[in-house]
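# Residue-level structure breakdown
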Amino acid sequence: MSQDIKVHLSELMRAALLSVMPDQADAAIALERPKQTAHGDFSCNLAMQLARAQKRNPRELAQLLLSEIPASPFVARCEIAGAGFINFHLQPAAKLEVVRRVLEEGEAYGRSTLGGKKKVQVEFVSANPTGPLHVGHGRGAAYGASLSSLLAYAGWDVTREYYVNDAGRQMDILALSGWLRYLELCGQSVPFPPNGYQGDYVREMGAQMRVAHGDKLARPASQVLACTPGLPEADRADDEAKAQREEHLDALIANAKALLGEEWHYVHNHVLTEQLEDCRDDLEEFGVHYDVWFSEKSLFDTGLVERCVKRLEDAGHVYVQNGAKWFKSTAFGDEKDRVVQRDNGLYTYFASDIAYHLNKVERGFERIINIWGADHHGYIPRVKGALAALGLDSDVLDVALVQFAVLYRNGQKASMSTRSGEFVTLRTLRDDVGNDACRFFYVLRKSDQHLDFDLDLAKSQTNENPVYYIQYAHARVCSVLAQWAGDEAEFAQADLGRLDNPHELAVAAKLSEFPEVIEAAARDLAPHMVAFYLKDLAAAFHSYYNAERMLVDDPALRLARVTLAAAVRQTIRNGMGMLGVSCPQTM
C-alpha cells in the first residue's frame, strides 16, 4: 500500500494545487515520512517549496492548500506543522492494507520498475587469481552480490561480471613461484625470491606439476639463476633494495620463459586454472554468482587494446615521450598523464582497462558499475577521462568504493598480504562464523566506511547480533504459524480491522516502508539500507510479540494477528534473500 497511498496523497495535493495555484500545476510534490510519529504518517513541504516564488507566507499558503485537499477515506486528518509542512494522518485501515499486499505479492513484494529494465553491468571482486581470496575481498564480494540483487529487484537488467586478470606480470610471478616450488621437489634448489608468492597453495601447485609430469619440467638451478642480479640484504627496505628485488624477479621470469619455451604456457595456465577454480568455488560457496567471467587476455587476443590506443591517438589524446605513449589524462582532471604503451612496446594495465571499458559500452550496457577498493579512488578520473576521450559518455560509469574489512583476532589485526602468504582467507572466515554472518556483517556499513569485523559478535546467539536477531524474528513467526496450524489461504479473509493497537499499527507501518527502502537503496547503491531496515522490522515484531499474545481465543483476532505475522515473515525473507542470508524456520 505504501507506494499506492503515496500516489493517492500526491493526487490529493495535486488537486489542491490546481485549485489554489493552477499555474504551478506541474510542481514536484514530495512526500516524506516524519521521523516522529506524532507528526503523522506522511508530510509534504509543497507550501514551503512554492512560497518564495509566490511571495507568500508558507504557513498561509499551506492553509490555502489544506482547505482545498479533497476528502479521502484513507486520511483521518491533515494539519499544518512547523514553517508550513502539511502532515497527513492515515486511517488504520489504510495502514493495514499493506498486509494484504505483502501476502498477495509474496516474493515480488518490494520489487520496483525504477530501473526500467536498463542494462547494467556490475563488476566486482576481480581479484588477481594469484592466491586465495582473503577477508578483504569478502567485503567486495558480499557488497557486489547484494547490490546486484538489489538493482535487479528495483527493475534493472543486471549482469554480474568478474574481470580475470590473466595477462601481465602478476600471473608471471605466480607461475614462476609455482615452478620454483616444483624445482625444489625435483632436487633443484633455487633460492626462493622474497617477492614471490609464498603461501602453501603455491607449494601445492608445485606438487601437482611434479605428480603430473615428473622431472619433465625440471631445469638446472644454475641455468635458472644465470645472469640474474644479486639480491640486497634481507633487512633492507629502501627503494633501491625494492627495485633490486624486482629486477631479480624479472630476470628469473625471463630465464624460466627461455628455458621452458612452450612448456612455460602450461605452467602459466596450470597456476591460473588452479587459482581461478579455487576462487570460483569459494565465491559459489559464499552464495556469490557471476554471469560472466571476462578474460583480460581476450582484449589483447582480439586486438581491442591496440585498437583502443590508436583511437585515442587519432583523436589527439596521446603523445610520445622517451619512446613511450602517454594518454593526456590531465586534460580530464587526472593529477598526471599516464603511460598506455611502454617504450618496449608492451601495453600497460591502464591500456587494457581502457579497452575493457570500451568493450563494456560496445556490449550495450547503459550503465556500468565498478566496485573497487578504496585505494583505487585516484583511478576514477583517468578511466572516466579515457571514456570521454573515446567520445563516450563518462557518466555511464559509476564507481562504488569499498573499504577493506579488518578482522581482529585476539585483539590482533590480521595481515592479509597474498605475496607473503600471511593472510586470513575468506574460506577460513566463512568456516569460522558461517556464510550468513559474513554476508550480513559485510554489508552492515556503507561500503566506503571502515569496517572492523567483530568475530565474537558474529558468532554470538544474542540480540546484539543483528543476523541472529532478524533470523530469530523469522523463526518466531514460523513457530507461531506452526502452532496455529491453520490454512494460509484463510489470510485473504482476515479482518485486519481487528488490528488496532499501537504495536500492530507500528509493524504495519514498517512493512509499508519496504518498497521505498528498496528504491532509495538502489538509487544510492546502498544495500546497507536494507540491512538497517530489516533490523528495524525485526525490532518492531519482537516488541509486538513480547507485548501481545498471538494465538488468542478470539478466532477473528487470532487470524488477523497470524496474518500480520505472515506478512512480516515474507518481508524478512525478501530482504534477507536479497542480501544472500538464509531464513531458518527454527532456531
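Before going into details, it helps to say that this report is about the structure given with it. (Residues numbered from 1 in each chain as written. Predicted model: local features only at pLDDT ≥ 70, side-chain atom pairs only at ≥ 80, totals over all residues. Heavy atoms only, no water.)

### Focus: the pairing of strand β11 (residues 367-373)
The condition that has to hold: Here the term buried applies to any residue with accessible area under 20% of the maximum for its type, exposed to any over 50%, and partly exposed to those in between, with areas from a 1.4 Å probe on protein chains only. Labels follow the DSSP assignment, with helices taken as runs of H or I lasting at least four residues and strands as runs of E lasting at least two, numbered in each case from the N terminus. When DSSP locates at least two bridges between a pair of strands, those strands are taken to pair.
Among the seven residues of β11, seven are classified as buried, and the element is accordingly described as predominantly covered. When strand β5 (residues 119-123) meets β11, the two strands line up parallel, connected through four bridges. Residue Gln121 lies in a different strand from β11, and its bridge partner there is Ile368. With six bridges joining them, β11 and strand β12 (residues 397-402) adopt parallel strand pairing. Looking across to β12, one finds that Ile368 is bridged to Leu397.

### Structural notes on the nonpolar core
To keep things clear, this is the line we draw: Each nonpolar core is a collection of buried residues, namely Ala, Val, Leu, Ile, Met, Phe, Trp, Tyr and Cys, held together in the definition by side-chain atoms within 4.5 Å. Two residues form a contact once any of their heavy atoms are found within 4.5 Å.
In this structure, Trp179 and Tyr442 are the most contacted members of the largest nonpolar core, which totals 127 residues. Element by element, the count of residues in this core is highest for helix α21 (residues 555-579), at twelve residues. Contacts of Tyr442, omitting those with residues within four sequence positions, involve Val135, Gly138, Arg139, Ala142, Phe286, Ala405, Leu426, Leu429, Leu451 and Phe453. Ranked by size, the runner-up nonpolar core spans 31 residues in total, among them Phe350, Phe365, Leu397 and Val399.

### Structural notes on the layout of surface pockets
Rolling a probe over the atoms, with the probe sized like a water molecule, indicates the empty space that remains. Spelled out, the test is: Only protein atoms enter the 1 Å grid used here. Points where a 1.4 Å probe fits but cannot escape make up a cavity, open sets with protein on both sides within 12 Å along at least five of seven lines make up a pocket, and a residue lines them when an atom lies within 4 Å of a point. Grid points are joined across faces, edges and corners, and a volume is the space filled by probe spheres set on the points. In this classification, Asp, Glu, Lys and Arg are treated as charged, Ala, Val, Leu, Ile, Met, Phe, Trp, Tyr, Cys and Pro as nonpolar, and every other residue, Gly included, as polar.
Approximately 1,000 Å³ is the volume attributed to the largest pocket. Looking at the largest pocket, it is lined by 38 residues, and the ones nearest its centre are Ser126, Ala127, Asn128, Asn165 and His376. Of all the elements in the fold, those that place two or more residues in the lining of the largest pocket are α5 (135-153), β6 (157-164), α10 (263-285), α13 (349-362) and β11. Taken together, the residues that form the lining of the largest pocket break down as 18 nonpolar, 16 polar and four charged. Roughly 750 Å³ of internal volume is contained in the second largest pocket. Lining the second largest pocket are 24 residues, and of these Ala167, Gly168, Arg169, Asp172 and Lys257 lie nearest its centre. Elements with a minimum of two residues in the lining of the second largest pocket: α6 (169-185), α9 (239-260), α10, α11 (296-301) and α13. The greatest single-element share of the lining of the second largest pocket, amounting to five residues, is contributed by α10. Looking at the lining of the second largest pocket residue by residue, the classes come out as nine nonpolar, seven polar and eight charged.

### With respect to the pattern of salt bridges
Note the threshold: Salt bridge, as used here, is a side-chain nitrogen of Lys or Arg placed within 4 Å of a carboxyl oxygen of Asp or Glu.
Under the definition given, this model contains 38 salt bridges. Across the salt bridge formed by Arg430 and Glu285, the nearest N and O atoms sit 2.8 Å from each other. Of the two residues, Arg430 is situated in helix α15 (residues 426-433) and Glu285 in helix α10; the sequence distance between them amounts to 145 residues. Residue classification places Glu285 among the partly exposed positions, given a relative accessible area of 43%. Within this structure, Asp278, Asp282, Glu285, Arg427 and Arg430 form a network of salt bridges that share partners.

### Quick word on the packing of helix α20 (residues 528-547) against α21
We apply this condition: Here, axes are lines fitted to C-alpha atoms. For helices the fit covers the stretch in contact, and angles between N-to-C directions go from 0 to 180 degrees. Any angle between 65 and 115 degrees counts as roughly perpendicular, while under 35 counts as roughly parallel, over 145 as roughly antiparallel, and the rest as oblique. The handedness criterion is simple: a crossing whose near helix is rotated anticlockwise from the far helix by less than a right angle is left-handed, and one whose near helix is rotated clockwise is right-handed.
Two numbers describe how α20 lies on α21: the axes approach to 10 Å, and their chain directions differ by 160°. One element, α20, and the other, α21, form an angle in the roughly antiparallel class. At the point where α20 passes α21, the crossing takes the left-handed sense. Here Val530, Ala531, Tyr533, Leu534, Leu537, Phe541 and Tyr544 of α20 lie close against α21, whose contacting residues are Arg561, Leu564, Ala565, Val568, Thr571, Ile572, Gly575, Met576, Met578 and Leu579. Class assignment of the residues belonging to the contact of α20 with α21 gives a composition of 14 nonpolar, two polar and one charged.

### Here we look at the sheet that holds β11
The strand order across the open sheet formed by five strands is β7-β6-β5-β11-β12, and the pairing between neighbours is parallel. Every other strand in the sheet has two partners, leaving β7 (292-295) and β12 as the edge strands with one partner each. Strand-to-strand twist in this sheet, taken as the mean axis angle between neighbours without regard to direction, amounts to 25°. Relative to β12, helix α14 (residues 379-389) is tilted by about 165°, and along the sheet it contacts β11 and β12.

### A word on the environment of Ala27
In this structure, Ala27 sits in the loop between α1 (2-20) and β1 (31-32). Look at Ala27 and you get buried, because its relative accessible area is 13%. When the C-alpha positions of Ala27 and Met13 are compared, they lie 11 Å apart, and in sequence the two are 14 residues distant. The contact partners of Ala27, leaving out residues within four places of it in the chain, are Arg14, Leu17, Leu46, Gln49 and Leu50.

### Some remarks on the packing of aromatic side chains
Selection criterion: Any pair of Phe, Tyr and Trp rings, taking the six-membered ring for Trp, is counted once the centres come within 6.5 Å. Such a pair is stacked with planes under 30 degrees apart, edge-to-face with planes over 60 apart, and tilted for the rest.
As enumerated under the stated definition, the model contains 23 aromatic pairs in all. Their ring planes at 20° and their centres at 4.6 Å tell us that Tyr162 and Trp293 sit as a pair that is stacked. Pair noted here: Tyr162 is in strand β6 and Trp293 is in strand β7, with a separation of 131 residues, a long-range link. The exposure class assigned to Tyr162 is buried, which follows from its relative accessible area of 1%. Ring geometry for Phe300 against Tyr347: centres 6.5 Å apart, planes inclined by 45°, an arrangement best described as tilted. Placement of the pair is Phe300 in helix α11 and Tyr347 in the loop between β10 (338-341) and α13, with a sequence separation of 47 residues.

### Concerning α10
Worth spelling out the cut-off: Multiplying 1.5 Å by the helix residue count minus one yields the expected span of that helix.
With 23 residues, α10 should reach 33 Å at 1.5 Å per residue; the first-to-last C-alpha distance of 33 Å fits that figure. Every buried residue of α10 is listed here: Trp264, Val267, His268, His270, Val271, Leu272, Gln275, Leu276, Cys279, Asp282 and Leu283. Phi for Gly287, located one or two positions after α10, is positive at around 80°.

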